[in-house]
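# Examination of the molecular architecture
Listed here are the chains, written in short residue letters.
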Amino acid sequence: MTATVERAVAAPVRPGEPGKADRRAAAEEGRRPLWQRVLFVVALVGAATVFMLPFVWLVGASLRPREYVFSGGFLPTPFAPENYADAWQAVPMVGWLLNSLVVGTAAALAVTISSAWVAFGFAYFRFPGRDLLFGLVLATMMLPFAVTMIPTYLIWSELRLTGTQVPLWAGNLFGSAFYIFLLRQFLLSLPREYFEAARVDGASYPQLFWKMAFPLIRPALLVAFVFEFKASWTDLMKPLIYLRDEELYTLPRGLKVVLDRFGYGGEQQWEIVLAGSVIATVPMLVLFFLAQRHFVEGIATTGRKG
């Protein structure tokens, strides 16, 4: 059985691997006229510039003295890098960063693994009512957070877990309809014959998932992980509801404190507010930069079936 599983995993069924259609598309791209390729590159650069301008302004403004923060322009003139040191000293930024890292990692791992299990069940098993049940799972995406916010809070309150970081990530242990759909589509692109061969050779269902499906859907798993990590990293509503102790604050909740203390109605030290915003944004940029190859591969191949 182990040999069958290893041969199946080693077989060339990688969804992100370029095939004939991909090579044909690349050849057609190379035959396009030069002006079309130049126009395409110019359009991409223009769109990227438009999206980057707010962040460029944020960085520039965070490096100016207080009286020049809203002076206009993108260059940090006069230059005041001490704003970042002031931000680190004014609030426990390191603790908030570590809290966000722990909560984000726990939330992303929980929802990725649990959603992958459910997606594997919907993709592999065939039983009466499967499509109806899958439709009901997708229908849960239509429920806004405001509808489930109070019942969910009452559940955590009965469990005496309000005031802790557990409600920020433990709900992900039950999966997410969006990630279940995404991973199921990726699993449907894998040849079923490999799983059937492993079953004939004596592989159990957990072995099918961990030794065959899990390695083959890594790009999609990475997409789900990055999506959820980003959602947890930028989430303000749950920390506002559940956290009371400032030492447990995540970064978005901490930035709300920074805004209240140094921004509107506070000391009007906007350079500290902007410096904290840059500190909160940079880790996400680093994460996307490191995972961009696998991330694009997972997005490009998730909807492919057959």
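Look up a bit, the structure's there.
Residues numbered from 1 in each chain as written. Predicted model: local features only at pLDDT ≥ 70, side-chain atom pairs only at ≥ 80, totals over all residues. Heavy atoms only, no water.

What follows covers the overall build of the protein. Along the protein, the regular secondary structure elements total 14 helices and zero strands. Each helix and strand of the protein, ordered N terminal to C terminal, gives the series α-α-α-α-α-α-α-α-α-α-α-α-α-α. When burial is assessed residue by residue, the protein has 36% of its 306 residues classed as buried. Partitioning the contacts of the protein with sequence separation of at least 6, the portion at a separation of at least 24 is 73%. In the form shown here, the protein has an accessible surface area of approximately 17400 Å², with 67% of it arising from carbon and sulfur atoms. (Helix = DSSP H or I, 4+ residues; strand = E, 2+ residues; numbered from the N terminus. Buried < 20%, exposed > 50% of the residue type's maximum accessible area, 1.4 Å probe, protein only. Contact = heavy atoms within 4.5 Å. Areas by Shrake-Rupley, 256 points an atom, 1.4 Å probe, with all protein chains shown as cover.)

What follows is about unusual backbone geometry. With an omega of -5°, the peptide bond between Thr 77 and Pro 78 qualifies as cis. Positive phi, close to 60°, is recorded for Arg 160, a residue that is not glycine. With respect to the helices, strands and loops of the structure, Arg 160 is situated in the loop between α7 (145–158) and α8 (177–188).

A few words on the pattern of salt bridges. Note that side chains of opposite charge can pair when their charged atoms are close. This structure, assessed with the given rule, holds four salt bridges. Note that Arg 130 is salt-bridged to Asp 131, the shortest N-O span being 3.8 Å. Here Asp 131 falls in the exposed class, since its relative accessible area comes to 56%. The shortest N-O distance in the salt bridge between Arg 192 and Glu 196 comes to 3.1 Å. Placement of both Arg 192 and Glu 196 in helix α9 (residues 192–200) is noted, with a separation of four residues, approximately one turn of the helix. On the basis of relative accessibility, which here comes to 23%, the residue Arg 192 falls in the partly exposed class. For Glu 196, a relative accessible area of 32% gives the class partly exposed. (Salt bridge = Lys/Arg side-chain N within 4 Å of Asp/Glu carboxyl O.)

Another point: the packing of helix α6 (residues 130–139) against α8. The relative placement of two packed helices is expressed as an angle between their axes plus a distance between the axes. Contact geometry for α6 and α8: axes closest at 8 Å, N-to-C directions at 135°. Comparing the axis directions of α6 and α8 gives the class oblique. Taken as a pair, α6 and α8 cross one another with a handedness that is left-handed. Residues Phe 134, Val 137 and Leu 138 of α6 touch α8, and the partners they reach there are Ala 177, Ile 180, Phe 181 and Arg 184. (Axes fitted to C-alpha atoms, helices over the stretch in contact; angles between N-to-C directions. Parallel < 35°, antiparallel > 145°, perpendicular 65-115°, else oblique. Left-handed = near helix turned anticlockwise from the far one by under 90°.)

This part is about the packing of aromatic side chains. This structure, assessed with the given rule, holds 23 aromatic pairs. Ring centres of Phe 209 and Trp 210 lie 5.0 Å apart, and the angle between their planes is 80°; this geometry places the pair in the edge-to-face category. By way of ring pairs, the aromatic residues Trp 117, Phe 120, Tyr 124, Phe 125, Phe 195, Tyr 205, Phe 209, Trp 210 and Phe 214 are connected into one cluster. Above the plane of the ring of Phe 134 lies Arg 184, whose end atom (NZ or CZ) is 4.2 Å from the centre. Sitting over the ring of Tyr 249, Arg 253 keeps its end group 4.5 Å from the ring centre. (Phe/Tyr/Trp six-rings, centres within 6.5 Å; stacked < 30°, edge-to-face > 60°. Lys NZ or Arg CZ within 6 Å of the ring centre and 35° of its normal.)

Here we come to the nonpolar core. Membership of the largest hydrophobic core comes to 34 residues, with the highest contact counts inside it found for Met 93, Trp 96, Leu 251 and Val 258. Secondary-structure elements contributing two or more residues to this core are α3 (34–62), α4 (82–90), α5 (93–124), α11 (218–233), α12 (237–242), α13 (251–262) and α14 (270–302). A total of nine residues in this core trace back to one element, the largest contributor, which is α14. Look past the residues within four positions of Val 258 in its chain and what remains in contact with it is Val 91, Trp 96, Gly 263, Ile 272 and Val 273. By size, the runner-up hydrophobic cluster in this structure holds 27 residues, among which are Phe 120, Leu 182, Leu 190 and Ala 203. (Core = buried A, V, L, I, M, F, W, Y, C linked by side-chain atoms within 4.5 Å.)

Right, let's get into a nonpolar patch on the surface. Where nonpolar side chains cluster on the molecular surface, the patch consists of Leu 109, Ile 113, Trp 117, Val 118 and Trp 210 and spans about 420 Å² of accessible area. In terms of residue count, the dominant contributor to the nonpolar patch is α5 (four residues). You can see Trp 210 is positioned in helix α10 (residues 205–216). Trp 210 sits in the partly exposed class, given a relative accessible area of 39%. (Patch = residues over 30% accessible without salt bridge, like charges linked within 9 Å, V, L, I, M, F, W, Y side chains within 5 Å.)

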